Amino acid sequence: MSVHLHWFLPTGGDGRTLVDRHAYTDGGVRRDRITPVSGVRAPDVEYLAQIAKAAEQLGFEAVLTPTGTWCEDAWLTTMALSQVTERLKFLVAFRPGVISPVLAAQMAATFQRVSRGRLLLNVVTGGDSTEQKRFGDHLGHDQRYARTDEFLKVVRGVWGGRPFDFQGEHYQVEGGLTALPPDPLPEIFFGGSSAAAGPVAARNVDVYLTWGEPPEQVKQKIDWIRGLAEQEGRTVRFGIRLHTLSRDTSKEAWATANRLLDDLDPDTVAAAQQALGRSESVGQQRMLALHGGSRDKLEISPNLWAGVGLVRGGAGTALVGSHAEVADRIEEYHALGVEHFVLSGYPHLEEAYWFGEGVRPELAARGLLDAGPSPLAGVPAANGRPASAPGGAPLLVASGR
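The notes below deal with the structure included here. (Residues numbered from 1 in each chain as written. Predicted model: local features only at pLDDT ≥ 70, side-chain atom pairs only at ≥ 80, totals over all residues. Heavy atoms only, no water.)

1. Description of the packing of helix α7 (residues 197-204) against helix α8 (residues 215-231)
Working step 1: The N-to-C vectors of α7 and α8 enclose an angle of 55°; their axes lie 8 Å apart at closest approach. One finds that α7 runs oblique with respect to α8. Regarding α7 and α8, the two cross each other, and that crossing is right-handed. Across from G198, P199, A201 and A202 in α7, the residues of α8 making contact are W224, I225, L228 and A229. (Axes fitted to C-alpha atoms, helices over the stretch in contact; angles between N-to-C directions. Helix = DSSP H or I, 4+ residues; strand = E, 2+ residues; numbered from the N terminus. Parallel < 35°, antiparallel > 145°, perpendicular 65-115°, else oblique. Left-handed = near helix turned anticlockwise from the far one by under 90°. Contact = heavy atoms within 4.5 Å.)

The structure is reproduced here in C-alpha cells:
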C-alpha cells in the first residue's frame, strides 16, 4: 500500500496568516489583488493556477478543492484548472443536499471526459446548520446523513449505464440515467465522525477521510469504519486531512509555527472558538477538544500541532518538524492503514514546495511512494541548486506576517 499525496486549493483566499481575514475585509464577495489586509492573497484563477501547476510539478496526485459560502465554486474552478494542467487530479468537494444526484452523476461523467479521467469526489454532508440554510437546506444533522446515503446510492445507480429507479425518503428517481457513464468511475471520498456518518461510509464510499487527530484516535476511527464495512461486505480505504509545516530543521519549523501563533490575538481566538463551538459536526467538536481553546500544550502528539484549530474550522492540526520528522509521522499514520494524505499549508504555494522538495524525497527513500521518475526531473536549476534537491528551500519565500 503506497502513500498517495494530495495538496489543497485555497479557493477562499490564501496568505501568511491562519486567520480568515479575507472573509471579513469585504464580506468575501469582492476580492482585489490590492487588499487592505497585509499578507492576504485573493483566490483569483492566476494564483490558483500557480498552486495547481506547482502541485503537479512536485508530484502531488490531486488537489482538494473546498466547498462553502466563502469559496469559489469547486466544479467550475477545477474545470478551469484542468485546462492548464496535464496529470493533476481534482478532489472536488460538494454538498449532496443542494444538487440532484442524477445531475451530479452527469456532471461527474462530463468532468471525467473533459479532464481525461482526473476527477475525484469529496462528499460533504455538512455539520453547520447556518451554512446549510444559506443553500436552502433545512434538514437536521442525522437527516442530512440519511439523505447522503440515498444520494450516493442514486449516483452509483445511474452510473450503471441503464435506467435506474429509486424510491427513498429524500429522493424518488424514475429511469435515472447517465447516458455515457464516467470512465473510470471517480473515487468517492467522505468524512464524518458521528454515529450517523459511519454506516454511510461503510455502504457507499471508497475512501473514508478523517481530520488529523493523534494516531491512537485515528486508529480507533479506522477500526470502527473497517468493522462497519466488513458487515456490508465491503472494503474501505482511509485518508487523513492535515496541514504541514516542514523545514530543514525542527527548530526552523517550530519557529514558524510560533510566528503564526503570535499573529493571533486573544480576541480573535475567543471569537473563533465561540463560533466553532456552535457547530453540529462531531468531527469539529473533536478538533476543538484537542486544545480546548488554550495556547498551552498545542503539541498534542509528537510533531502534531493543534494551533491551526484555534482560529480555523475543519482540519485544525499540522505536522510540524524537520522533513525527516514529518516523514516519520506520515509513516506512523500509514502503518495504521492511512493511504491518502490530503495536505495544506500557509501560504499554499510556498508550503507545497517545502513539502515537495523536503518531505517527498524522504518518503520515496523509505519506499512509501510508487516508483517512477522524479516529478522535478528536468526542472532547471535555480540559483545554482537543483529544484529537486532534498531539503531545498521553496522557490518563493515569504517574509513578514
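There is more to say after this.
2. Describing the side chain of T256
Working step 1: Mapped onto the secondary structure, T256 falls in helix α9 (residues 250-262).
Working step 2: Note on T256: relative accessible area 17%, which makes it buried.
Working step 3: Polar side-chain contacts of T256 include one of 3.0 Å to the backbone oxygen of E252.
Working step 4: If near-sequence neighbours (up to four positions away) are discounted, T256 is found in contact with L245 and R247. (Buried < 20%, exposed > 50% of the residue type's maximum accessible area, 1.4 Å probe, protein only. Polar contact = N/O pair within 3.5 Å; in protein donor to acceptor, adjacent residues only side chain to side chain.)

3. Quick notes on the pattern of salt bridges
As a working rule, side chains carrying opposite charge can pair if their charged atoms are close by.
Working step 1: Scanning the entire structure with this criterion turns up 20 salt bridges.
Working step 2: Among the ionic pairs, D149 bridges to K153, the shortest N-O distance being 3.5 Å. Separated by four residues within a single helix, D149 and K153 lie in helix α6 (residues 141-158), roughly one turn from each other.
Working step 3: K153 sits in the partly exposed class, given a relative accessible area of 37%.
Working step 4: Measuring nitrogen to oxygen at the nearest pair gives 2.8 Å for the salt bridge that ties D223 to K219. Of this pair, D223 and K219 both sit in helix α8, four residues apart, which is roughly one turn of the helix.
Working step 5: The class of D223 is partly exposed, set by a relative accessible area of 39%.
Working step 6: Among the residues examined, K219 registers a relative accessible area of 40% and is labelled partly exposed. (Salt bridge = Lys/Arg side-chain N within 4 Å of Asp/Glu carboxyl O.)

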